[in-house]
Amino acid sequence: MTEKAAGLSAERVAYLEELVSQARTAAAVFTQCQQEDVDRIVRAMVLAGQEQAQHLARLAIEETKLGVLEDKFIKNMVATEFVYNYVKDKRTVGTIREFPESGLIELAEPIGVIFSLIPITNPTSTVLFKCIMAIKTRNAVIFSPHPNAWRCCQEAVRIMYETAVKHGAPEGVFACLESHTLEDNAYLMRHKDIGLIDATGGPGAVKAAYSSGKPALGVGPGNTPVYLEKSADLNMAVVDIIISKTFDNGTICASEQTVVIDDEIYDAVVKKFSDLGAHVCNEQETELLGRMVIDPTTGFMQPMAVGQKATDIARFVGLSVKPSTKLLIAPIQGVGRGYPLSVEKLFPVLSICRARSVDEALKVCIDVNHAGGLGHTAVIFSRNDEIIRKFGEVINAGRIIVNSPGSIGALGGVYNDMVPTFSFGCGTGGGNSTTDNVNVYHYLNIKRLARRTQPHMWFRIPNQIYFNQNAVQNVYNFPSRSTIIVTSPPLEQIGHVDIVRRYLPPQTLVHVSVIPDTEPELKTVLEGVEALNFYKADQIIALGGGSVIDAAKMMKLKYESPEADFEELGAPFLDLRKRVVEYPTEKANRARLIAISTTSGTGSEVTPFAVLFDKAGGRKVTLADYSLSPDVAIVDPQFVMSMPKGLTADTGIDCLTHALEAGVSSYASPYTDSNAMQAIRLVFKYLPIAYEHPQDEEARNMMHNAACIAAIAFSNASVGVNHALAHAFGARFGVAHGRANALMLPHVIAYNAAVPAKFMPSPNQPGYVAHHKYAMVADLLGLGGHTVEEKVKNLVGAVEQLLDQLGIPRSIAALGISKDEFDRAMPDLVKIAFDDPSWLSNPRMPLVSELEELFRNAYQGRGLAKVASASQQRIS
Ligand SMILES: [Fe+2]
């Protein structure tokens, strides 16, 4: 016993408990049945139901005194034959659907015991329908029919039960309450062994079901509006409405309630109704009808009218009509309490209303919809597809029936391809959990087995990269009428611009835009765009370091797409493929971007990134999109021969950091690995030489290539936490980017090689591999070591040795930054580093506390000590 048995005797409780116990046992046994078993049983039940369709219809009429025998028979046939037609090939056991392309499998799990309420209006058909659904889904059902439909329901359950058990269903799979009270229902609705309440019935029953705290399928009341639009086939429309509204004397809650008719066809429609056997009431008759069949206190229909014939209702009300009258038609002037007949009427009384425009017609239909029919059914007759769609948009109904009868149309499978049902979900508007035609899938817990999928990766780079000494000559191959060379003051002064100019085709008009050699600001970019517009440029040559090339990328973006909003395009994102903002594809102008790098570090000549410095806001906006990548990259070492030693060291370590971070990134792939590894090898071999012997052409060339190759890797695999730390630290203390990276690098390698406190979700990488990747680097560099741990340690040692060779300070303290000053900056540093998107592709997720620890390690310069501690938590 799960609830206090209010108002129930001990005997009654024992009876109800026995019903539940049998159903629970049956449901447990039923789980062993296979698809073939349930399909065989269902087929036998359907045939038995059809065999007894007339018998059950007769019983229903005799007992309920509602509806029409012939129509009850049709309903029983639809509930068996049409429902079978829908369910027969559906899989409802084990794997029911597979989606190989997405790695998803849906598996069916029965609910167990369902408690089902059956209405008086469609008693036997609803029982047949629910029995078939239950067996198809391996559930047991306890039925609670309306008290005035108990005998016919009991008989329908008996027929279904005996047939099911005879063909292999477990005993106890169906039960029907012998008689019931609201207390019985309340007790069962709250019973712990009832898995689902399926309440087809009046608003009280549905509300009780939803209030029970159990999962429930409830269906709401209807008040079906019909829009009879002037383009409709009037003959078809009027006949369909009569068929539908008189079907089983209007007991189906989807049947038409108020027909809104366009003014132009109103009189013709009324005449047609009259010609085909409807009695059209005059004003007095309408008033009388409204007073008699609608309860003036509640505003709801009088129960004694439900399911009665039109002539019987007329006689009861005192209207004089022909004996052949099928339908009573009541013209009304509006909707709401002042117009009693505008509500649901489950009998053959139909309201009609004149509309002088489409808008007015839609408004009246919406009003009817809101007057007790939200989420249920609506009907439109029209040949105008635009109006049909508009009707569908503005009416809140689970079923919008077009050019067909509402009641039989809503049942599904007869006039349309909707799912056959005897239970109409009305969505939240009707206080229900679904808008569907309730079907077998509502009787199942559908489990989803989702296989791991491998996201599609990519490898994108500019389609033309020219490298080696004098590669700049290739600018000759790109015809241009008007070219702007974007560069910085020192490069113009030392003659680099002249070298480029020399190789441009002679007919090219060339202009030079000299911009500050600092991180680009919006003002700089906009001035550049102004120049591009003025000269109607069709080619931009960016000659410089990362800042100059970044500025040129943004100039091109804004020149080609003036509406581009840097602020919006710089919005943060987690996955490039799924981010919200889209870069513009519409181009007002077109210009080729040729990037010639004059430093060997950022690799901006091939990356899809550009950083805008917002001086006023004191922050950076990072733009990232492959449309920013230069069209042509030129990696010509002649432009880096004069780099000072410090710049050579800093940019070289930036390049190494790019390659190491791309190598262990959660977006790393064999494509990026090949570039990252090669770049690392080149840096270790050539950076010391380029640093010690600046005029060594081979070393300069190889370092220039290394920077570009590392950039190709991180353009596709991104960077990591090292860059997040370096960005925050470098900005705060005015330390060059490469140097800031260098101060963090040994600590970050040790950090990433240890067991993460928090793993980063990473569909691209199976398991945690960062330490193995570092070991691979150590092997590539021939650093020795027998274990992964030793190899990582050797790599950190090699990095530290390289930093020493390059004269790079080994701690932040060594830069002269006091401990106090650093401590004061720490909260900001941590916050800014955490806000930096660079770490999103780091192999381990940095905790805020770990960012602080990394900063502190970098302050003190404790790289090797950290590796030793990491080794204590070795992972394999
Ligand atoms: Fe960098």
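Values in this document were obtained by computation on a predicted structure and should not be read as measured data.

> So what exactly am I meant to see when it comes to a nonpolar patch on the surface here?
A surface patch of nonpolar side chains, about 340 Å² in accessible area, is lined by Val239, Ile243, Leu276, Val414 and Tyr415. With respect to the helices and strands, Val239 occurs in helix α9 (residues 234–246).

> Help me understand the sheet that holds strand β23 (residues 632–635) in this model?
Sheet strands associate in pairs through backbone hydrogen bonding, adopting either a parallel or an antiparallel arrangement. In space, the six strands of this open sheet follow the order β16-β23-β20-β19-β17-β18, with parallel pairing throughout. In this open sheet, the two edge strands, each paired with only one partner strand, are β16 (464–467) and β18 (509–514). Averaged over all pairs of adjacent strands, the angle between strand axes in this sheet comes to 15°, irrespective of strand direction. Where strand β17 (residues 482–487) meets strand β19 (residues 539–544), four bridges bridge the pair, whose relative direction is parallel. Residue pairing for β19: Ile485 is matched across the bridge by Ile541. Strands in contact with helix α17 (residues 496–503) are β17, β18, β19 and β20 (592–597); relative to β19, the strand with the most contacts, it is inclined by about 145°.

> Teacher, can you tell me more about the coordination of the iron ion here?
A metal bound by six donors in octahedral fashion has ideal angles of 90 or 180 degrees, whereas one bound by four tetrahedral donors has an ideal angle of 109.5 degrees. Every protein donor of the iron ion is accounted for by Asp654 (OD), His658 (NE2), His723 (NE2) and His737 (NE2), and the metal-donor separations fall at 2.2 to 2.3 Å. Taken together, the four donor atoms surrounding the iron ion define angles of 83 to 165° at the centre, an arrangement classified as irregular. Between consecutive donors of the iron ion, the numbers of intervening residues give the motif D-x3-H-x64-H-x13-H. Of the two residues, Asp654 is situated in helix α21 (residues 645–664) and His723 in helix α24 (residues 721–733); the sequence distance between them amounts to 69 residues.

> What is the right way to read the packing of aromatic side chains from this model?
Under the counting rule described, the total for this entry stands at 14 aromatic pairs. Measuring from centroid to centroid gives 6.3 Å for Tyr466 and Phe478, while their planes differ by 70°, and the two rings are edge-to-face. One end of the pair, Tyr466, is in strand β16; the other, Phe478, is in the loop between β16 and β17, and twelve residues separate them in sequence. Looking at Phe478, the relative accessible area reads 8%, which means it is buried. Relative to Tyr768, the ring of Phe759 lies with its centre 5.6 Å away and its plane at 70°, an arrangement referred to as edge-to-face. Cation over ring: Lys90 sits above Tyr86, and NZ or CZ is 4.1 Å from the ring centre.

> Can you help me understand the sheet that holds strand β15 (residues 444–450) in this one?
In space, the three strands of this open sheet follow the order β1-β2-β15, with antiparallel pairing throughout. The strands lining the two open edges of the sheet, one partner per strand, are β1 (94–99) and β15. With strand direction ignored, the average angle separating the axes of adjacent strands in the sheet is 25°. Here seven bridges tie strand β2 (residues 104–110) to β15, and the two strands are oriented antiparallel to one another. Across the sheet, residue Glu106 finds its bridge partner in β15, namely Arg448.

> Mind showing me how you'd approach the confidence of the model for the chain here?
Predicted coordinates in areas of low pLDDT are best not read in detail. The share of residues in the chain with pLDDT of 70 or more is 97%, and the mean pLDDT across the chain is 93. Here residues 867–876 scores under 50 on pLDDT; set against residues more than four positions off or in separate chains, the count is 16 contacts.

> What am I meant to see in unusual backbone geometry here?
Glycine aside, residues mostly have negative phi angles, and peptide bonds mostly take the trans form. Notably, Arg138 is not glycine yet its phi reads approximately 60°, a positive angle. As for its position among the elements, Arg138 is in the loop between α5 (123–136) and β4 (140–145). Its identity as a non-glycine residue notwithstanding, Asn249 has a phi of 55°, on the positive side.

> Just checking my understanding: could you explain the nonpolar core for this structure?
Side chains that are nonpolar tend, in soluble globular proteins, to be buried together. Phe115, Ile135, Ile142 and Phe174 are the most contacted members of the largest nonpolar core, which has 88 residues in total. Looking at this core, the element that brings in the most residues is helix α1 (residues 10–30), giving nine residues. Excluding residues within four positions of it along the chain, Ile135 makes contact with Phe30, Val38, Ile41, Val42, Met45, Ala164, Ala169, Val173 and Phe174. In this structure, Leu660, Met677, Val683 and Ala706 belong to the second largest nonpolar core, which totals 56 residues.

Basis of the calculations
Residues numbered from 1 in each chain as written. Predicted model: local features only at pLDDT ≥ 70, side-chain atom pairs only at ≥ 80, totals over all residues. Heavy atoms only, no water. Patch = residues over 30% accessible without salt bridge, like charges linked within 9 Å, V, L, I, M, F, W, Y side chains within 5 Å. Areas by Shrake-Rupley, 256 points an atom, 1.4 Å probe, with all protein chains shown as cover. Salt bridge = Lys/Arg side-chain N within 4 Å of Asp/Glu carboxyl O. Helix = DSSP H or I, 4+ residues; strand = E, 2+ residues; numbered from the N terminus. Pairing = 2+ DSSP bridges. Axes fitted to C-alpha atoms, helices over the stretch in contact; angles between N-to-C directions. Contact = heavy atoms within 4.5 Å. Donors = N, O, S within 2.8 Å, 3.2 Å for Na, K, Ca; no water. Tetrahedral: all angles 85-135°; square planar, octahedral: opposite > 155°, others 65-115°. Phe/Tyr/Trp six-rings, centres within 6.5 Å; stacked < 30°, edge-to-face > 60°. Buried < 20%, exposed > 50% of the residue type's maximum accessible area, 1.4 Å probe, protein only. Lys NZ or Arg CZ within 6 Å of the ring centre and 35° of its normal. pLDDT = per-residue confidence, 0-100. Core = buried A, V, L, I, M, F, W, Y, C linked by side-chain atoms within 4.5 Å.

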